[in-house]
Structure formats: C-alpha cells, structure tokens
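Residues per chain are reported as follows:
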Amino acid sequence: MADHHHHHHHHQNPKPYRSYQGKCPVVPLHESFGIDDATRLEAARDFTHLIEILNMMSSKMLELSFMILEMIFASFDIEEKKYEALVRDSVSFLRVMKYKVPTSEDQNLGLVAHTDKNAITILCQNEVQGLEIVTKEGHWEQVVVPKDALVVIVGDALKAWSNGRLVAVKHRVVMKGEKERYSFGLFTVPKEGAMIEAARELVDNEHPLLYRPFKFADYFSYFVSNLSDDALEIYAGV
Ligand SMILES: O=C(O)CCC(=O)C(=O)O
Ligand SMILES: [Fe+2]
C-alpha cells in the first residue's frame, strides 16, 4: 500500500501551475489539470501512471489472495494438487468503486446486501468507512477498516469448496457523513469451465456434503437470472 501512495506523488508536476489545479479557496469552483507535451502519446501516457498503478495493485492483491488461499488449504491440511480449480484455474477481476455522499438519510445505501459469488475478494478503501456485514447473531454491523488495511471476503465458490467451513459473509455498503467513499476490489474468480467441488478432506460424517459439484460459470448465470439471496443453497445445496 505504501507504494501506491508513493507513486501518487509522481503525478504532481514539479513545475508551478502544471498538472492538477484546484481546491483553491479563492476560486473554489475551479478544478483543472494540465498535460505537458500532450501531443506526444508517451508524454500523455506519462501524465498518469494510473494504469500501471492499477496493474501493480491488482497483481499484488492477486498474489495476496493466492497466499491467503494457500494458508487456508494448509490450515485444512489439504495437498496442493487438490486446489487447482481455485488457484491455477482462477482469473482476476478488478472493480473500482465510488460512493457519493447521500443527500437524504433514506438514500444512504451504497451497495445492496449480497454475498460475493467468486472465491475470494480483497477490498481496499479510502478512509471513509461504510462496509457492513451480517454477524453470526444475524444483525448488521459496521466493519471498521483500519487505515492502510485490506478486507478479505470469502465468496460462495470458496464456501462451497470448503463444504461450508468458510462463511461467505453477507455484506453491504451504507453511506454516512460528508465524504465520498472510494474502494477497489480484486475478485479472484474461477475460470470459465472450472468446477467447484467440495474438498474431500472436508466432507465426513460430522460434516456431510453441503453442495453438489457445479460449474462456476453455470452458477453465476443462475445467480444473474434469479438474483436470489440464497442462490448457492438453491442452486447447489444437497
Ligand atoms: O465497496 C466496498 O467496500 C464493497 C464492495 C463489494 O462488496 C463488492 O463489490 O462486491
Ligand atoms: Fe461484495
């Protein structure tokens, strides 16, 4: 994360009155940015390394999600070969999000309650809180994310793979206060065609099989056309 902030400073042109202008108390209505030598594609590209930053951040976040998955597998004493579908057969998806300041209290829902459908999600937010989860007791509670910390969310695919040992927590975003919220999420998603099947080691008499094996893409299509709250239970529950 430190790298991310560090890179930000390179965007500031050291020459006066170049790059970003704005938030000036004399002309609070004004915002602008300048690009030196913009007729040269390389120079125009250099203006912002946003794409490089997104690429670097998402690579690091994907690395982190694989590391977390491996720790989960190790904690269950499961051999590497058995988690192919969840690691080697994964693609990543990055979503950049902005939540506006609500104008009235009854319009403060930033993102509807849901479980993530993919295997594992890493979230990174600015200092504006808003993420809420349903606790074991069944009530909504805010997740207070410390500065520079990331949030890891288990999705339905990992829940099914772990035969329900890992919980895909229901979460939402509720906006309060006067600041916009920004977040980005790196979603580790099983590849097209990947099967999600409970690890055999996690199925026994005490832990009967909860979900039949299913093709992740088919489950996702099912969810998209039904948008049910209990999609996993309905689609794959045994
Ligand atoms: O913005 C956030 O912190 C939550 C985003 C989220 O839950 C999602 O995109 O699935
Ligand atoms: Fe989510």
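As the structure is a computational prediction, the values presented were derived from the model and not from experiment. By convention here, each chain's residues receive numbers from 1 onward along its written sequence. Here the convention is simple: chains get letters from A, ligands get numbers from 1, in the order in which they are written. At least 70 in pLDDT is required for a residue's local features to be given in this predicted model, at least 80 for side-chain atom pairs to be given and counted, and no such filter applies to totals for whole chains, interfaces and linings, which use all residues. As a rule here, side-chain values cover all heavy atoms of the structure and leave hydrogens and water aside.

Moving on: the overall build of the protein. Counting secondary structure elements, the protein contains six helices and 12 strands. Counting only C-alpha atoms and orienting by the principal axes, one finds that the protein spans roughly 70 × 45 × 35 Å. To sort residues, take the accessible area from a 1.4 Å probe on protein chains only and compare it with the maximum for the residue type: under 20% means buried, over 50% means exposed, and anything in between is partly exposed. Taken over 238 residues, the protein has a buried fraction of 35%. Long-range pairs, those at least 24 residues apart, make up 72% of the contacts in the protein between residues at least 6 apart in sequence. All accessibility values rest on the Shrake-Rupley procedure with a 1.4 Å probe; residue burial counts only the protein chains present in the view. Total accessible area on the protein is roughly 14,900 Å²; 56% of this is exposed by carbon and sulfur atoms. In this description a helix means any DSSP run of H or I spanning at least four residues, a strand means any run of E spanning at least two, and both kinds are numbered starting from the N terminus. Any two residues whose heavy atoms approach within 4.5 Å are treated as being in contact.

The next subject is the coordination of the iron ion (ligand 2). Nitrogen, oxygen and sulfur within 2.8 Å of a metal are treated as its donors, or within 3.2 Å for sodium, potassium and calcium (Na, K, Ca); water is not counted, so a site can appear incomplete. For the iron ion (ligand 2), the full set of protein donor atoms is H114 (NE2), D116 (OD) and H171 (NE2), at a range of 2.0 to 2.1 Å. Of note, the iron ion (ligand 2) draws all its donor residues from one chain, in the sequence arrangement H-x1-D-x54-H. Taken together, the residues H114 in strand β4 (residues 109-114) and H171 in strand β9 (residues 171-174) connect sequence positions 57 residues apart. Overall, the relative accessible area of 3% leaves H171 in the buried class.

With that settled, consider the pairing of β9. Any two strands with at least two DSSP-identified bridges between them are counted as paired. Where β4 lies against β9, three bridges are found, and the strand directions are antiparallel. Note on β9: the bridge partner recorded for H114 is H171. For strand β6 (residues 131-134) and β9, the ladder comprises three bridges, and the chain directions are antiparallel. In the strand pairing of β9, I133 is matched with H171.

The four strands are arranged β3-β10-β5-β8 in an open sheet whose pairing can be described as antiparallel. The open sheet has two edge strands, β3 (90-99) and β8 (151-154), and neither has a second partner. Sheet twist, expressed as the mean angle between neighbouring strand axes with direction ignored, is 20°. As paired elements, strand β5 (residues 120-125) and strand β10 (residues 181-190) share six bridges and run antiparallel to each other. The partner of I122 across the bridge, within β10, is L186. In this analysis an axis means a line fitted to C-alpha atoms, helices contributing only their contacting stretch, and an angle means the value between N-to-C directions, from 0 to 180 degrees.

Buried residues of nine kinds, namely Ala, Val, Leu, Ile, Met, Phe, Trp, Tyr and Cys, make up a nonpolar core once their side-chain atoms join them within 4.5 Å. Counting 39 residues, the largest nonpolar core has L158, W161, I196 and F214 as its most contacted members. When contributions to this core are tallied by element, the ones reaching two or more residues are α3 (50-75), β5, α4 (156-161), β10, α5 (216-226) and α6 (231-236). The leading source of residues in this core is α3, at eight residues. In contact with L158, not counting residues within four places along its chain, are L69, I72, L86, N118, A119, I120 and L166.

Within the UniProt annotation, "domain: Fe2OG dioxygenase" (unreviewed entry) is assigned to residues 90-190. The distance from the first to the last C-alpha atom of residues 90-190 is 4 Å, and the span holds 6% helix and 47% strand. UniProt positions are given in the numbering used here, feature names are shortened, and annotations may be inferred rather than shown by experiment.

Bringing the site of ligand 1 into the picture now. Close to ligand 1 lie M97, Y99, L111, H114, D116, L123, H171, V173, R181, S183 and F187. Under the rule applied, a polar contact is a pair of N or O atoms within 3.5 Å (in protein, one hydrogen donor and one hydrogen acceptor; residues adjacent in sequence only if both atoms are side-chain atoms). Contact distances for ligand 1 include 2.7 Å between an oxygen atom and a side-chain N or O atom of S183. Here ligand 1, which alone exposes 300 Å², has 94% of that area covered by the protein. The set of elements that each furnish at least two residues to the shell around ligand 1 consists of β3, β4, β9 and β10. Of all the elements, β10 adds the most residues to the shell around ligand 1, at three residues. Looking at the shell around ligand 1 residue by residue, the classes come out as six nonpolar, three polar and two charged. Note on terminology: near, applied to a residue and a molecule or strand, indicates that one of the residue's heavy atoms is within 4 Å of it. Each residue is assigned to one of three groups, with Ala, Val, Leu, Ile, Met, Phe, Trp, Tyr, Cys and Pro labelled nonpolar, Asp, Glu, Lys and Arg labelled charged, and all others, Gly among them, labelled polar.

Right, let's talk about the environment of F47 for a bit. Structurally, F47 is set in helix α2 (residues 41-47). Once the C-alpha coordinates of F47 and S19 are considered, the two residues, 28 residues apart in sequence, prove to be 8.1 Å apart.

Turning our attention to a nonpolar patch on the surface. On the surface, a nonpolar cluster with roughly 290 Å² of combined accessible area is contributed by Y20, F33 and I35. Considering the arrangement of structural elements, one finds Y20 in strand β1 (residues 20-22). Of the residues examined, Y20 reaches a relative accessible area of 33% and is grouped as partly exposed. Patches here: salt-bridge-free residues with over 30% relative accessible area, like charges joined within 9 Å, nonpolar side chains (Val, Leu, Ile, Met, Phe, Trp, Tyr) joined within 5 Å. What makes a salt bridge here is a side-chain nitrogen of Lys or Arg within 4 Å of a carboxyl oxygen of Asp or Glu, nothing more.

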